[in-house]
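Next come the chains, spelled out residue by residue.
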Amino acid sequence: MANELRFKTARDLFMACPAVARDMVALPTEQPSIEFCRALLAGRVPEEAITFCAYLLPERAAVWWAHECLSHLTILLDRRDQELLAVVRNWVGEPDSPYHRAEVSQAAAMPPTTPAAWIALAAKRHGNGSAMDASAVTALLPLPAAHAVSAGVLAGLARVALEDRFSVLSAFVEMGIQMAEIEALRQSADAS
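Thresholds applied
- Along each chain, residues carry numbers from 1 onward, in the same order as the chain's sequence is written.
- Note on the predicted model: pLDDT of at least 70 is required for a residue's local features to be given, and 80 or more for side-chain atom pairs to be given and counted; whole-chain, interface and lining totals, by contrast, use all residues.
- As a convention, hydrogens and water are excluded, and side-chain values are obtained from all of the structure's heavy atoms.
- Any two of the Phe, Tyr and Trp rings considered here, Trp counted by its six-membered ring, make a pair once their centres fall within 6.5 Å; the pair's planes then place it as stacked at under 30 degrees, edge-to-face at over 60, or tilted in between.
- In DSSP terms, a helix is any run of H or I states spanning at least four residues, a strand is any run of E spanning at least two, and both are numbered starting from the N terminus.
- Three exposure classes are used, based on accessible area relative to the maximum for each residue type with a 1.4 Å probe and protein chains only: buried under 20%, partly exposed in between, and exposed over 50%.
- Whenever a helix is involved, its axis is fitted only over the stretch in contact; in every case the axis is a line through C-alpha atoms, and angles between N-to-C directions fall within 0 to 180 degrees.
- Should the near helix be turned counterclockwise from the far one by less than a right angle, the crossing is left-handed, whereas a clockwise turn marks it as right-handed.
- Contacts between residues were defined by any pair of non-hydrogen atoms, one from each residue, lying within 4.5 Å.
- Amino acid classes used here: Ala, Val, Leu, Ile, Met, Phe, Trp, Tyr, Cys and Pro are nonpolar; Asp, Glu, Lys and Arg are charged; the rest, including Gly, are polar.

Asker: Please clarify how the packing of aromatic side chains should be interpreted in this entry.
Answerer: Aromatic ring pairs: the centre-centre distance and the angle between the two ring planes describe each pair. Taken as a whole and judged by the stated rule, the model has two aromatic pairs. Aromatic pair Phe-14 and Phe-36: ring centres 6.4 Å apart, planes at 85°, arrangement edge-to-face. Highlighted residues: Phe-14 in helix H1 (residues 10-16) and Phe-36 in helix H3 (residues 33-42), separated in sequence by 22 residues. Accessibility expressed as a relative area gives 11% for Phe-14, which makes it buried. Ring geometry for Phe-36 against Phe-52: centres 5.0 Å apart, planes inclined by 55°, an arrangement best described as tilted. Within this pair, whereas Phe-36 is found in helix H3, its partner Phe-52 is found in helix H4 (residues 48-56), the two being separated by 16 residues in sequence.

Asker: Sorry, what's going on with the packing of H4 against helix H9 (residues 145-157) here?
Answerer: Relative orientation and spacing of two packed helices are given, respectively, by the angle between their axes and the distance between those axes. Interaxial distance between H4 and H9 falls to 8 Å at its minimum, and their mutual angle equals 145°. At the point where H4 passes H9, the crossing takes the right-handed sense. Across from Ile-50, Thr-51, Ala-54 and Tyr-55 in H4, the residues of H9 making contact are Ala-146, His-147, Val-149, Ser-150, Val-153 and Leu-154. Taken together, the residues of the contact of H4 with H9 break down into seven nonpolar, three polar and no charged.

So this is what it looks like as C-alpha cells:
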C-alpha cells in the first residue's frame, strides 16, 4: 500500500511541498510516509504527525479529514464552529457547486480564530487554488491549504483535556493514515 501513496517517502513529501518545512521541526527521512508519520506520533512532538497528515493527504481529502476530526469534538466547539463544519461538509460533498463555494468563501472571509474557521479557510484555499480575496488574511497567502488544515485540527486538539489529548491525537493520526491509504487505492483505481 505505501508504494501507492502520493508521496512514497517523507523526503518526497518535503520535496514536493516545501511549505511543510515551515510547519514542522522534524527533518525528512527516506522512511516510507506512513512509517515516518507513526514515528512522529511516537516522537518528542507528536503533534507534528497531524501536520504531516495534513500535507500527505490530497487537499480535498485533508479538508474532509479535518472535518471528521473536529466532528469528534463538537461538544468542545461553539455553535458558530458547528455551523462552519456543516458548510465544510456540504462543500466537500459538492465542491463545484456555486452555492457551496459561495458559502465557503463567506465563511473563510472571517479571520481564522477557531478550529472550524481554519478548516473553512483550507476549503477556500483549495477551491481557489490558494488565491484569496484582498479582504482575507493576507499574511497567510503563501501558505497552502494543508497549513490551515493542520492549524484547525491542532486548535481543536488544544481544547481536549490534557489527560485525553494523546489518545485523541493518536486517533486523529490513524484516521489520517487510513484516509491516505484509501485515497491511494482510489487514485490507483482511477488510473486503471
